[in-house]
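Survey of secondary and tertiary structure
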Amino acid sequence: MEDFGNIVCIAFIVWFTLVVGLIVLPAMFGISLGITEVYMKVLVKTLEWATLRIQRGSKEQQKPTTLVSNGIILRDDGSMEKEITDLRKGRSKPQINGEFELSDIFYFSKKGFESIVEDEVTHRFTSEELVSWNLLTRSNNNFQYISLRISIIWVLGVFIRYCILLPLRVTLATIGLSWLVIGASLVGLLPNSRVKNWLSELVHLMCYRICARGLSATIYYHNKENRPMKGGICVANHTSPIDIVILANDGCYAMVGQVHGGLLGIIQRAIVKACPHVWFERSEMKDRSLVTKRLRNHVADKTKLPILIFPEGTCVNNTSVMMFKKGSFEIGGTIYPVAIKYDPRFGDAFWNSAKYNMVSYLIRMMTSWAIVCDVWYLPSMTRQEEESAVQFANRVKAAIARQGGLVDLSWDGGLKRAKVKDAYKEEQQKSYSKMIVGDDSS
Amino acid sequence: METDQCTLYYKSKTVNSALSRTEWIQLKEVLSFHDWKLVTLALPKSCHLSSHQITVSSSHICRLYDRFHALDKDDKGSLNRSDFQNISELAVNPLGDRIINAFFPDGMDLIDFNSFVRILARFRPVDQNPKKEPNAPEPINSRVNKLKFAFQLYDQDKDGKISKSELLQVLRMMVGVQVTEEQLESITDRTIQEADLDGDDAISFEEFKKSLDKVDIEHKMSIRFLR
């Protein structure tokens, strides 16, 4: 029995040293040993092979790989006026503006039924559908049993992901987070000085790098010359809490958020000792002017790190960018937009908070193949003279959507939980009224 | 499953077999909601599900099944009115409530997948070259049936006529508070005058059909699937 216990101990120590030596230490100093690259190459080859087998198995022709559209039904893109005028074309009477036709109802009913079959908003709050299966059960929507070989590869994949990668990643995440708490608290003991700031940045970077390895994250940064500077506001599209790790791997930011309890609270309290982050009590969050004032003070101080804000206010599934809340754009200062796009083949990064809580989400992340994403730093923007906060927000959102190849929607991310406002219905009613009453105002 | 249902189930998996409508309904009654999806997956893509009444291809049924499931957030196996109202684009449609009512005929509060598909099947594009059997009933997505459906959106009390008050109701929904009562009344009067041929101050289905003679119903009341 003792011998067995000894062997286990030794094995554990060896494994732990390997992990620290091969992964943690290089990560801390930002060096890569190339292990991840090899893993990714093997993974990509395997997925491509699997895709070919699946296509062969379902006897699909090799169509040109242009995805026709994101939608499943063909929708007319015309405006209300154009569509209704088209409907009225068959009439023998001349077109008089200011008239109602029985056929007008077809426009609204068709739009209504189309939205029942497919609408722009509902599917933004569930994971993106894949073109081809990536050997993860969780993304197995419409894919069936193909062949024995695929199934064997899949079983192998499950074993690798759950028995090898998961413990490794959990260890790395634990090391990373404990290092953050300990390191930040230690740095917090120092008096305020340039050295302290430099050390705090180092501690933060190291920890986030370890965490990124803990997710097998491969991040491609583009346009690094546009990186957010001190005293600015960094704005990005939101897909999951991991966005913070992704962005913080390449720069230091001041976080903004609510005070939490538990593990997250411990981390929050520790890192605020090392450098100023902006944490709000739950009650303070309701007071918009207070929030804006504190953020404005932070931004005005040019020695403080740029703050990181996600103006959508909620997680969206990375196929689109939803309405940006104007609050972040009223603070002033320079906005540095950042676009983040995840590659869905390797793992689904979207956090569906209705379906999964934080812990099950993290476990899903750690049992994916990898997290691969592109980060584009966009040139900075400031609010123009005649621009309202809403227009500015839309301008920034359009730029981010364009860069990331995402659909630009003006629907509110809050529709995940709340119903839509009646104001939008009134807009439609107004347009239609103009058509049937004509231009005479009464 | 009983023996004859087993046969049906396995029959549905063979290539180029087609289930008649009665067989399909029999099968559905036996399988659970989730097995229903397995059966539709097993059907080859070209297989039409019934000989005449409901012709929706099986891959479209899979799409609609996924959509039904996505709208059914509480996993009840059926949809109620509020599930429809959660669709933002439908909630901002001025006729949204009428459209939702079309799914809940006869005062029912829940709709199952079979009925969901049947109502949406009306919007399938009209068959270009229908195989006309002499005594076959009109397919559900024919021009006449699409017109009937639109007629029912106006005719809520189902008396076969669109009265002035019913027309007013629909108009009011479409314009909200933007137009005065007098203007709406004059528009309604004018419309009924134009369409009413037998002078009973209401629009019957035949008059409705005649008035929409030249409108391209096939295109405007059809939903085309891309994949």
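First, a word on what this report is: a plain description of the structure on this page.

About the thresholds
Residues numbered from 1 in each chain as written. Chains lettered and ligands numbered in written order. Predicted model: local features only at pLDDT ≥ 70, side-chain atom pairs only at ≥ 80, totals over all residues. Heavy atoms only, no water. Helix = DSSP H or I, 4+ residues; strand = E, 2+ residues; numbered from the N terminus. Buried < 20%, exposed > 50% of the residue type's maximum accessible area, 1.4 Å probe, protein only. Contact = heavy atoms within 4.5 Å. Areas by Shrake-Rupley, 256 points an atom, 1.4 Å probe, with all protein chains shown as cover. Buried area = accessible area lost by both parts, 1.4 Å probe. Salt bridge = Lys/Arg side-chain N within 4 Å of Asp/Glu carboxyl O. Nonpolar A, V, L, I, M, F, W, Y, C, P; charged D, E, K, R; others polar. Pairing = 2+ DSSP bridges. Patch = residues over 30% accessible without salt bridge, like charges linked within 9 Å, V, L, I, M, F, W, Y side chains within 5 Å. Core = buried A, V, L, I, M, F, W, Y, C linked by side-chain atoms within 4.5 Å. Axes fitted to C-alpha atoms, helices over the stretch in contact; angles between N-to-C directions. Parallel < 35°, antiparallel > 145°, perpendicular 65-115°, else oblique. Left-handed = near helix turned anticlockwise from the far one by under 90°. Phe/Tyr/Trp six-rings, centres within 6.5 Å; stacked < 30°, edge-to-face > 60°. Lys NZ or Arg CZ within 6 Å of the ring centre and 35° of its normal.

What follows deals with the overall build of chain A. Regarding its fold elements, chain A presents 13 helices and 10 strands. Split into buried and exposed, the 442 residues of chain A put 46% on the buried side. Restricting the contact set of chain A to residue pairs at least 6 apart, pairs at least 24 apart contribute 77%. With an accessible surface of roughly 22900 Å², chain A has 61% of that area assigned to carbon and sulfur atoms.

With that settled, the discussion passes to the overall build of chain B. Secondary structure assignment for chain B yields 13 helices and 3 strands. Here chain B holds 227 residues, and the buried ones make up 45% of them. Accessible surface, chain B as shown: approximately 11200 Å² in total, 51% of it carbon and sulfur.

The interface of chain A with chain B comprises 58 residues on the first partner and 61 residues on the second. Here chain A packs against chain B, burying approximately 5500 Å² in sum over the two surfaces, 65% of which is carbon and sulfur. On the chain A side of the interface with chain B, the three residues burying the most area are L102, F113 and I116 of chain A, jointly 15% of the side's total. On inspection of chain A and its partner chain B, the count reaches 1 salt bridge. Between D119 of chain A and R67 of chain B there is a salt bridge, and its shortest N-O distance comes to 3.0 Å. Elements represented by at least two residues in the side of chain A that touches chain B include exactly β1 (73–74), α3 (80–88), α4 (104–117) and α13 (423–437) of chain A. Considering every element that reaches the side of chain A that touches chain B, the biggest residue donor is α4 of chain A, with 12 residues. Grouping the amino acids of the side of chain A that touches chain B by side-chain chemistry returns 20 nonpolar, 17 polar and 21 charged. Note that β1 of chain A and strand β3 (residues 224–225) of chain B share 2 bridges and pair antiparallel. Across the sheet, I73 of chain A pairs through a bridge with F225 of chain B, a residue of β3 of chain B.

Residues and elements named next belong to chain A. The grouping of I10, V14, L18, L22, L33 and I35 at the surface amounts to a nonpolar patch, some 550 Å² of accessible area in total. It is helix α1 (residues 2–28) that contributes the most residues to the nonpolar patch, 4 residues altogether. Looking at where L22 falls in the secondary structure, it is placed in helix α1. A relative accessible area of 39% places L22 in the partly exposed class.

Moving on, we come to the nonpolar core. Residues F100 and F106 of chain A together with F84, F103, F116 and F208 of chain B are the most contacted members of the largest nonpolar core, which totals 64 residues. Ranked by the residues each element gives to this core, the list is headed by α4 of chain A, at 7 residues. Here F116 of chain B is in contact with I116 of chain A together with L64, F68, L79, F84, F103 and I111 of chain B, once residues within four sequence places are set aside. Judged by nonpolar contacts, the second largest core, of 43 residues, contains Y221, C234, I267 and A349 of chain A.

Bringing the pattern of salt bridges into the picture now. Pairing between side chains becomes possible if they bear opposite charge and their charged atoms approach one another. Under the defined criterion, the tally for this structure stands at 22 salt bridges over all chains. Note that D250 of chain A and K224 of chain A form a salt bridge whose closest N and O atoms lie 3.5 Å from each other. One end of the pair, D250 of chain A, is in the loop between α7 (242–248) and β4 (254–258); the other, K224 of chain A, is in the loop between β2 (217–222) and β3 (233–236), with 26 residues separating them in the sequence. By relative accessible area, which is 10% here, D250 of chain A ends up buried. One salt bridge in this structure joins K76 of chain B and D74 of chain B, with 3.7 Å as the shortest N-O distance. Overall, K76 of chain B belongs to the partly exposed group, its relative accessible area being 35%.

Turning next to the packing of α1 of chain A against helix α5 (residues 148–188) of chain A. All names here are of chain A. Axis separation between α1 and α5 bottoms out at 11 Å; the angle between their running directions is 55°. When the axis of α1 is compared with that of α5, the two are oblique. The way α1 lies across α5 gives a crossing that is right-handed. Each of W15, F16, V19, I23, V24 and M28 in α1 lies in contact with α5, whose residues at this interface are P167, L168, T171, L172, I175 and W179. Residue composition of the contact of α1 with α5, grouped by class: 11 nonpolar, 1 polar and no charged.

A word on the packing of aromatic side chains. All told, the structure shown has 19 aromatic pairs over all chains when counted by the stated rule. Measuring from centroid to centroid gives 5.5 Å for F329 of chain A and F392 of chain A, while their planes differ by 85°, and the two rings are edge-to-face. Placement of the pair is F329 of chain A in the loop between β7 (320–321) and β8 (335–342) and F392 of chain A in helix α12 (residues 389–404), with a sequence separation of 63 residues. The residues F329 of chain A and F392 of chain A share a single accessibility class, namely buried. Ring geometry for F113 of chain B versus F116 of chain B: centroids 6.5 Å apart, planes at 35°, classification tilted. Highlighted residues: F113 of chain B and F116 of chain B, both in helix α8 (residues 113–120), separated by 3 residues, approximately one helical turn. Accessibility expressed as a relative area gives 0% for F116 of chain B, which makes it buried. Through pairs of rings, three or more aromatic residues link up here, namely F113 of chain A together with F68, F84, F103, F104, F113, F116 and F149 of chain B. Just above the ring of W369 of chain A sits the side chain of R161 of chain A; from NZ or CZ to the centre is 5.3 Å. Lying over the aromatic face of F280 of chain A, R294 of chain A brings its terminal NZ or CZ to 4.7 Å of the ring centre.

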